[in-house]
Structure formats: C-alpha cells, structure tokens
Amino acid sequence: MVDPKETINIENVVASTGIGQELDLQSVAMDLEGADYDPEQFPGLVYRTQEPKSAALIFRSGKIVCTGAKSTDDVHESLRIVFDKLRDLNIQVDDDPEIVVQNIVTSADLGRNLNLNAIAIGLGLENIEYEPEQFPGLVYRLDDPDVVALLFGSGKLVITGGKQPEDAEEAVDKIVSRLEDLGLLE
Amino acid sequence: RLRKWQERIRTKDAGERNLQFALSEIDRMASALGVPRSVREVASVIYRRALDEDLIRGRSIEGVATACLYAACRQEDIPRSLEEVSEVSRVEQKEIGRTYRYVAQELSLKMEPVDPKQYVPRFVSELELSEEVQAKANEIIDVTAEKGLLSGKSPTGYAAAAIYAASLLCNEKKTQREVADVAQVTEVTIRNRYQEQIEAMGIH
DNA sequence: ACATTACTTTCCAAAGC
DNA sequence: GCTTTAAAAAGTAATGT
C-alpha cells in the first residue's frame, strides 16, 4: 500500500511580509497595471502575479499578504516580483524583507474509503465535528501539530493551519495511526 | 450605592425578560414544527446551560434558541432539518447551523450524526405511502449505509432517495418531485443517491 | 437528463469598520 | 464579528441547454 505521506500535495501557501515603508495605495493603483483597489470594500490593494500564480494584498502600512502559491519557494518568488514592481514605481523597498509563512493548505489521500459515521463516534466526538447536512467533510482538530484536517468519505483529506510542510506529514501519520488503532481504516 | 442596587435589579430583570423571551420563542417554534412537549423541555434545558456558560454573548437570543431547538429535536430522535427549522425562525439557516455547532461544541453535547431512518416515518406519512414502503426504505438505508454509501451525504437526501426507490419497488410510485418536495431536497440529489443505492442493493 | 457555475467547510495574515 | 485573497476536498443547489 502506498504511504499516504507520498500523496501529500501543497495546494496553497499564505505568507505575510512588509516593505518597511508606508504606501499611497491610490497612486500605486494608478501606476500598477492589473491592480484592484476599492478601499470602500477592503483596505488592501489586490495585485495578481501570473508566474508563479498568486494574489498579493498590499496595505497602506506597507505590509503585504501573499496567497495562492503552490510552494514556499513560489511564495518567495511571487513576493520578489511584487517587490520589484513596487521598486519600478520608485518606491523604497527593504533589501530582503522577512517573509513569514502563516498557513499551508495541503491535500492527501489515505487510499481507502472512510466510514465517517464510525469515525465521528469512534474518535469520541471531542475534537470532531461531522455535520453532513452542512458539509460532507469531517472536521478533525489536532493539537500537535496544531492543524485542522477535513476527512472525506473517499479517503481524501485536506490539512490546513500548518506553518511548515512537515506539519502536514506529521498530521497524516497521526491520523493514520489513530484510525488504525481504532480499526477504522479499511 | 442605591444606584448600583437599582442597576442590579435592572440587569436581573432584563436577564429574566430575555430568558422568558427565549423560552417563549422555543415554545412558538416547537409548536410550529409540531414536535412534542418533551422536545421543548430538552431545548429549554440546553438553552439555560448555554446561558450559564455565557455562550450567548455576541449572538442573538433567537439564534441560540433556534439552535437549541434543532439540537433538542435530534437528541429526541425526531430531527428537523436546518431548512425546516429556519422556516419557523427569523434567523437564517446558515446562522442557525453555525450557532448549533458552536453550542454543541461548547456544551460538549454528544451529538451523533442524524440517522436518515429517523426521517422516514414522517416523509412516508406525508406522502401517504404504506408501511411496506417504510420498511423497504429502512432496509435500503441500512444495507447501503453498511456498505459505506452514507459518508458525507445529507440525511434528508439519503432518506428521500430510499423512499423513492422503495415506492417503486412496492408499486406505489411517487415521482422524484413529490418526494423531493416533502424532503426539501432537489430532484438531482434524489436521482444521484437513488442510483448509488440501487446499485449497492444489487437491484439492477 | 445533463452540464456549468457557485456555494458550503477548514486555515491565515493584513486594516478598518 | 465583517470585509478580501487563495486552495483543496465532496455534496448540494440554481441555472442553462
């Protein structure tokens, strides 16, 4: 049987950073092509990069949030592009601003169908939320690593809330061993 | 000092009034849903616990009251769907669902997933189908759920499909639309669940 | 009857209401 | 709490042909 860890795929990485300079978003919106800025709706300016594909939220304070990248390397690459675009607009940007990964979303496959009803009852109903009338996934909150997993009947799962790619691997290991202990896998 | 004393009385009165309002709302909604008195009592107990645990802060009294009633129906094994409950509440369905999950989590209510069979008697009755159909629908649910088909599926849609299939097998056919209307799901959902269930039952 | 689009859930940061 | 951004999972729903 394939190790479920081998099926882990990073789907989205969220990171925050800052250029160390305040910004006049109104003028940035004018000069930066493709920028979406509607302060009435949201205080951040939206700028999308094509390669790697991502969306950056740029704030008046100079802080930036980047979402949608498929790896931590892509987040850095996307933000490098954003920094250069701002420099093109004659805006001072710190040499290499600290980039903090805030959330990593991964998907994986346990390779077996899951009886979510049995899991919900078997895992004690404590860290679990399973309301198929509202959502088909079973929500499983882990303490270590501090992540949230969404388990589906197909055996596929989503792990979110992690700060490092290793968090997802640890989470998959713990989920698999817990389900095996309870005889709920297969 | 006198002011503080008056204020305490005032807040105490306000709290009493709010509790009375919540309980009368639970009563009104329970009547509208046609659930027995025992359910209102269970809902009232849950609401008082939520009040004691300070779960109402930042939420509407109506929302918490409705969520408690939804939980009580499930605990008493006569579930009403969120859609049905939202029809007698002035709180929107999405908010009732969120509040219910919050209350259930905070009060550690051991809420088991709803068994689709619990919807069968009521739906069958509304459709004026026989006990034979009811028994067949229950059998379909048991057999197919055992094979793992229930995971992730909504209980109402699952029950609706089983009733539709049973009505065909017992020569008391109801259309997908008729069953969909009483269960408040779409025909597409019945069609999808029906196909899987029939397949798993080996009827085709 | 079928497809397409869209919404449900989880996570996280940002600034402001 | 909300607003916006991104992404996956699978079920359900609305709309269109």
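Our structure is the block above this text.
Residues numbered from 1 in each chain as written. Chains lettered and ligands numbered in written order. Predicted model: local features only at pLDDT ≥ 70, side-chain atom pairs only at ≥ 80, totals over all residues. Heavy atoms only, no water.

**Points about the overall build of chain A**
Then comes step 1: Helix and strand content of chain A: 4 helices and 9 strands.
Then comes step 2: Reading chain A from its N terminus to its C terminus gives the helix and strand order β-α-β-β-β-α-β-α-β-β-β-β-α.
Then comes step 3: When its C-alpha atoms are laid out on the principal axes, chain A stretches across 60 × 30 × 25 Å.
Then comes step 4: Of all 186 residues assigned to chain A, the portion counted as buried reaches 42%.
Then comes step 5: Considering only intrachain contacts with a sequence separation of at least 6, the fraction spanning at least 24 residues in chain A is 59%.
Then comes step 6: Taken as a whole, chain A presents about 9,900 Å² of accessible surface, with 45% of it coming from carbon and sulfur. (Helix = DSSP H or I, 4+ residues; strand = E, 2+ residues; numbered from the N terminus. Buried < 20%, exposed > 50% of the residue type's maximum accessible area, 1.4 Å probe, protein only. Contact = heavy atoms within 4.5 Å. Areas by Shrake-Rupley, 256 points an atom, 1.4 Å probe, with all protein chains shown as cover.)

**Notes on the packing of helix H8 (residues 155-169) of chain B against helix H9 (residues 176-183) of chain B**
All names here are of chain B.
Then comes step 1: The geometry of H8 relative to H9 is characterised by a closest axis approach of 10 Å and an angle of 145° between their N-to-C directions. Once H8 is placed against H9, the crossing between them reads as right-handed. Residues Thr-156, Ala-160 and Tyr-164 of H8 touch H9, and the partners they reach there are Gln-176, Val-179 and Ala-183.
Then comes step 2: Taken together, the residues that form the contact of H8 with H9 break down as 4 nonpolar, 2 polar and no charged. (Axes fitted to C-alpha atoms, helices over the stretch in contact; angles between N-to-C directions. Left-handed = near helix turned anticlockwise from the far one by under 90°. Nonpolar A, V, L, I, M, F, W, Y, C, P; charged D, E, K, R; others polar.)

**Let's talk about the protein's contact with DNA strand D**
Then comes step 1: The immediate surroundings of DNA strand D are formed by 30 residues, with Arg48(A), Ser154(A), Arg98(B), Thr189(B) and Arg193(B) found nearest.
Then comes step 2: Each atom of DNA strand D within 4 Å of the protein was classed as base or backbone; sugar and phosphate made up 75%.
Then comes step 3: One of the side-chain nitrogen or oxygen atoms of Ser154(A) is found 2.3 Å away from a phosphate oxygen of DNA strand D.
Then comes step 4: At a separation of 2.7 Å, a phosphate oxygen of DNA strand D approaches a polar side-chain atom of Arg193(B).
Then comes step 5: If one sorts the elements of the surface near DNA strand D by residue count, strand E1 (residues 9-18) of chain A sits on top with 3 residues.
Then comes step 6: Split by residue class, the surface near DNA strand D holds 12 nonpolar, 10 polar and 8 charged. (Near = heavy atom within 4 Å. Polar contact = N/O pair within 3.5 Å; in protein donor to acceptor, adjacent residues only side chain to side chain.)

**Thoughts on the interface of chain B and chain A**
Then comes step 1: Of the residues lining the interface, 20 residues belong to chain B; the matching set on chain A comes to 17 residues.
Then comes step 2: Regarding the contact of chain B and chain A, the summed buried area is about 1,500 Å², with carbon and sulfur atoms giving 49% of it.
Then comes step 3: The interface formed by chain B and chain A includes 2 salt bridges.
Then comes step 4: Between Arg74(B) and Glu131(A) there is a salt bridge; the shortest N-O distance is 2.6 Å.
Then comes step 5: At the boundary of chain B and chain A, one finds 7 residue pairs in polar contact (both at pLDDT 80 or more). (Buried area = accessible area lost by both parts, 1.4 Å probe. Salt bridge = Lys/Arg side-chain N within 4 Å of Asp/Glu carboxyl O.)

**A look at the pairing of strand E9 (residues 156-162) of chain A**
Each regular strand displays side chains that alternate between the two surfaces of the sheet.
Residues and elements named next belong to chain A.
Then comes step 1: Bridge analysis of strand E5 (residues 100-109) against E9 gives 5 bridges, and the strand direction is antiparallel. In the strand pairing of E9, Thr-106 is matched with Ile-159.
Then comes step 2: As paired elements, strand E8 (residues 148-151) and E9 share 4 bridges and run antiparallel to each other. When the bridges of E9 are listed, Leu-150 appears paired with Val-158.
Then comes step 3: Hairpin connection of E8 to E9: 4 residues between the antiparallel strands, including Gly-155 at a positive phi of 95°. (Pairing = 2+ DSSP bridges.)

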